[in-house]
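Analysis of the macromolecular model
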Amino acid sequence: MSSHLKTETVRTVAFATTRGHAESAGLSVIGLKAALVAALALSAIAAGNAQAGTTGSISLTSDYLFRGVSQTNQEPALQGGIEYAHDSGFYVGAWGSNISWLSDTVVVGDDISSSLELDAYLGYRGKAGEIFSYDVGVLTYYYPGDYPGGFNSPNTTEIYLGGTLAPSDTVSVGLKYSYAVTDLFGYADSDGSGYLDANLNWTFQPTWTLNLHGGKQWIEHNEDFEYTDWKLGVTKSFESGFSIAAAYSGTDAEEALYTNAHNNFLADDAFTLTLSKAF
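All values reported here derive from a predicted model rather than from experimental measurement.

With antiparallel pairing, 12 strands are arranged side by side around a closed barrel as β1-β4-β5-β6-β7-β8-β9-β10-β11-β12-β13-β14. Taking the axes of each pair of neighbouring strands and ignoring which way they run, one obtains an average angle of 20° across the sheet. Strand direction decides the pairing type here: strand β7 (residues 132-142) and strand β8 (residues 156-165), joined by 10 bridges, are antiparallel. Bridged to threonine 140 within β8 is threonine 157.

Here it is as C-alpha cells:
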C-alpha cells in the first residue's frame with residue numbers, strides 16, 4: 001500500500017501484569033468527543049496541506065478491528081490520519097481513533113481511564129524492479145489515560161518490514177512482518193512478539209476492489225493468547241475521494257480469553273462497514 005493511514009485494523013485485548021476480569025463500562029462521552037476532535041483536526045490539517053506529498057483521511061466504521069479483534073466493544077469508531085511522504089522515499093505520519101478496550105480491563109479494585117489511541121510512524125519506501133516495492137519503518141501506539149499502579153503499560157512500539165508484488169495495475173500481493181521492541185499492548189514480558197500480515201487486492205472492475213487478508217499474531221510468553229485472523233472484503237471508490245468498504249472477518253482466538261465484561265467475544269466473526277474520505 002502507498003500509505004499507512006489505517007482503514008481496517010484489529011488489536012488484541014491487552015491484559016495487565018495481573019490479569020483480571022474486565023469491569024462493565026461503556027465508551028465514555030468524553031472519550032468519544034476527544035476522538036472526534038482529534039480526527040477532525042487531523043483531516044483539517046490534511047485538507048490544508050494536500051500538496052507536497054501530504055495525504056490524509058477521515059473514516060467512520062461500524063467497529064474498529066485491529067488484527068481481527070474489536071477495539072471498541074463492537075461499537076462504531078471515528079478515525080483520522082495524515083501522512084507526509086518525501087520524494088526520497090521517506091515518510092512520516094500520525095493516526096487516531098476512539099477506543100474502549102482498555103477501559104473494559106481492570107486491575108483488582110482499580111479502574112482504567114483510556115478512550116483514545118494515537119499512533120505515530122516513520123519509514124522508507126522503495127522499489128526493486130518494475131513490479132516489486134518494499135517498506136520498512138517504526139510505529140508507536142500510544143494510549144493516553146489514567147492507569148493504576150502495577151498495570152503494564154499498553155503503549156507499544158513495533159518495527160516492520162513489508163514487500164508488495166504488483167504484476168499488473170489491477171492486482172497486488174503484499175507480505176509484512178511487525179516485530180515488537182516493547183511489551184505488546186500490555187502483555188507482560190512480551191517484547192519480541194510478532195505479527196505476519198498477508199494481503200491480496202484485486203480491482204476486478206474500475207472503482208471496485210476485492211480485499212483478502214490473513215494474519216498470525218505471536219505473543220511472547222503469552223502463547224495462550226496467540227491466534228490467526230482473516231478478512232474478505234470489497235471496496236467501492238468514488239472520484240470525490242469517498243470510498244465505502246464492506247468486510248467479513250474472523251479469528252481462531254480462544255473465546256474465553258477474548259470475552260469481556262459485557263459478555264462480548266471481541267474476536268468473533270464480524271461484518272463491518274466503513275465510510276472514508278481521502279484528502
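Another point: a nonpolar patch on the surface. The grouping of Tyr84, Val92, Leu122, Val138, Ile159, Leu175, Tyr177, Tyr179, Val181, Leu196 and Trp218 at the surface amounts to a nonpolar patch, some 910 Å² of accessible area in total. The dominant element in the nonpolar patch, judged by the number of residues it contributes, is strand β9 (residues 171-180), at three residues. Take isoleucine 159: it is sitting in strand β8. Judged by relative accessible area, isoleucine 159 falls into the partly exposed class, the value being 40%.

Now for the side chain of serine 97. Relative to the helices and strands, serine 97 is located in strand β5 (residues 90-98). Residue classification places serine 97 among the buried residues on the basis of a relative accessible area of 1%. Within the structure, serine 97 has its side chain in polar contact with the side chain of glutamine 79 (distance 3.3 Å).

Moving on, we get to the pairing of β7. Judged from the 10 bridges that link them, strand β6 (residues 116-127) and β7 form a sheet pairing that is antiparallel. Bridge assignment links glycine 123 to a residue of β7, and that residue is glycine 137. Hairpin remark: β6 followed by β7, antiparallel, with four residues in the connecting loop; positive phi at glycine 129, about 90°.

This brings us to unusual backbone geometry. Phi at asparagine 73 is positive, roughly 55°, even though this residue is not glycine. As for its placement among the helices and strands, asparagine 73 is situated in the loop between β3 (69-70) and β4 (77-85). Among the residues examined, asparagine 73 registers a relative accessible area of 12% and is labelled buried. Phi at glutamine 74 is positive, roughly 65°, even though this residue is not glycine. Judged by relative accessible area, glutamine 74 falls into the partly exposed class, the value being 34%.

Each value, and the rule that gives it
- Residues numbered from 1 in each chain as written.
- Predicted model: local features only at pLDDT ≥ 70, side-chain atom pairs only at ≥ 80, totals over all residues.
- Heavy atoms only, no water.
- Pairing = 2+ DSSP bridges.
- Helix = DSSP H or I, 4+ residues; strand = E, 2+ residues; numbered from the N terminus.
- Axes fitted to C-alpha atoms, helices over the stretch in contact; angles between N-to-C directions.
- Patch = residues over 30% accessible without salt bridge, like charges linked within 9 Å, V, L, I, M, F, W, Y side chains within 5 Å.
- Areas by Shrake-Rupley, 256 points an atom, 1.4 Å probe, with all protein chains shown as cover.
- Salt bridge = Lys/Arg side-chain N within 4 Å of Asp/Glu carboxyl O.
- Buried < 20%, exposed > 50% of the residue type's maximum accessible area, 1.4 Å probe, protein only.
- Polar contact = N/O pair within 3.5 Å; in protein donor to acceptor, adjacent residues only side chain to side chain.

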